[in-house]
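Commentary on secondary and tertiary structure
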Amino acid sequence: MDRDAGFLAFVDAHQRPLMRLAYLLTGEVHLAEDLLQSVLVRMIGRWSKLRHIDNLDAYARKTMVNQYISWRRRRGSDEVPSAEPPDRAYSPEDSAVLRIVLRQALMRLTPKQRAVLVLRFYEDRTERDVADLLGCSVGTVKSQAHHALARLRALAPELAPKLPVLDDPARSEGARR
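Please read all numbers here as calculations on a predicted model, not as lab measurements. (Residues numbered from 1 in each chain as written. Predicted model: local features only at pLDDT ≥ 70, side-chain atom pairs only at ≥ 80, totals over all residues. Heavy atoms only, no water.)

Turning our attention to the overall build of the chain. Along the backbone of the chain there are nine helices and zero strands. Along its sequence from the N terminus, the chain presents helices and strands in the succession α-α-α-α-α-α-α-α-α. Partitioning the contacts of the chain with sequence separation of at least 6, the portion at a separation of at least 24 is 66%. Looking at the chain as shown, the accessible area adds up to about 10800 Å², and 52% of this sits on carbon and sulfur atoms. (Helix = DSSP H or I, 4+ residues; strand = E, 2+ residues; numbered from the N terminus. Contact = heavy atoms within 4.5 Å. Areas by Shrake-Rupley, 256 points an atom, 1.4 Å probe, with all protein chains shown as cover.)

Take a look at the structure:
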């Protein structure tokens, strides 16, 4: 029962933030629940080895991002792009509408771009943390963030004033060498 108690304690402490990450990655509550469940099932199966890891939260997040990207590769996208933009019969200052527009625009990014933006800006992680979680270089994180933000600006111009402005990744990489 000690094994179960440790796992249950981990789930109690981390379920809400992991569910939030899953929702931000998938954009749908039911898919987020499935993703979280999938990650937790994988973890309980390996719990005897995992319980000795120093940062289980980071392991769970990395597993979730990898699982999400794997799902997207297998399932493809259900979205059908429209040739015509929707009529905008709202005030651009309406925060609820902006959240909906942001969600729709995020769903049109690649899974890796979405993961980078969610981890980097919503969870306020450093570029190094995001790179470690995604198993890529810091330069890849910077590049993915740069391209994703540019795509968001193109997809939803009303979001542009609220999006972070990044340095050109090619310039900032060269300047640090």
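Now, onward.
This part is about the nonpolar core. Counting 49 residues, the largest nonpolar core has Phe 10, Leu 25, Met 43, Met 64, Leu 117, Leu 134 and Leu 152 as its most contacted members. Taken together, the elements giving at least two residues each to this core come down to helix H1 (2–26), helix H2 (29–45), helix H3 (47–50), helix H4 (56–75), helix H5 (95–107), helix H6 (111–122), helix H7 (127–134) and helix H8 (138–155). Considering every element that reaches this core, the biggest residue donor is H1, with eight residues. Leave out the neighbours within four places in its chain, and Phe 10 touches Leu 18, Leu 40, Met 43, Trp 47, Leu 56, Asp 57 and Ala 60. (Core = buried A, V, L, I, M, F, W, Y, C linked by side-chain atoms within 4.5 Å. Buried < 20%, exposed > 50% of the residue type's maximum accessible area, 1.4 Å probe, protein only.)

Chain-level statistics for the chain give a pLDDT mean of 81 and a share of 80% at 70 or above. Low confidence marks residues 169–177, where pLDDT is under 50. Its contacts with residues over four positions away, or in another chain, come to eight contacts. (pLDDT = per-residue confidence, 0-100.)

Empty space among the atoms can be located by rolling a probe the size of a water molecule over them. Taken as a whole, the second largest pocket holds about 360 Å³ of empty space. Leu 24, Leu 102, Leu 106, Val 118 and Tyr 122 are the residues nearest the centre of the second largest pocket, which is lined by 16 residues in total. Elements supplying a minimum of two residues to the lining of the second largest pocket: H1, H5, H6 and H8. Broken down by element, the residue count for the lining of the second largest pocket peaks at five residues, all from H5. Taken together, the residues of the lining of the second largest pocket break down into 13 nonpolar, one polar and two charged. (1 Å grid on protein atoms, 1.4 Å probe; cavity = no way out; pocket = protein on both sides within 12 Å on 5 of 7 lines; lining within 4 Å. Points joined across faces, edges and corners; volume = space filled by probe spheres on them. Nonpolar A, V, L, I, M, F, W, Y, C, P; charged D, E, K, R; others polar.)

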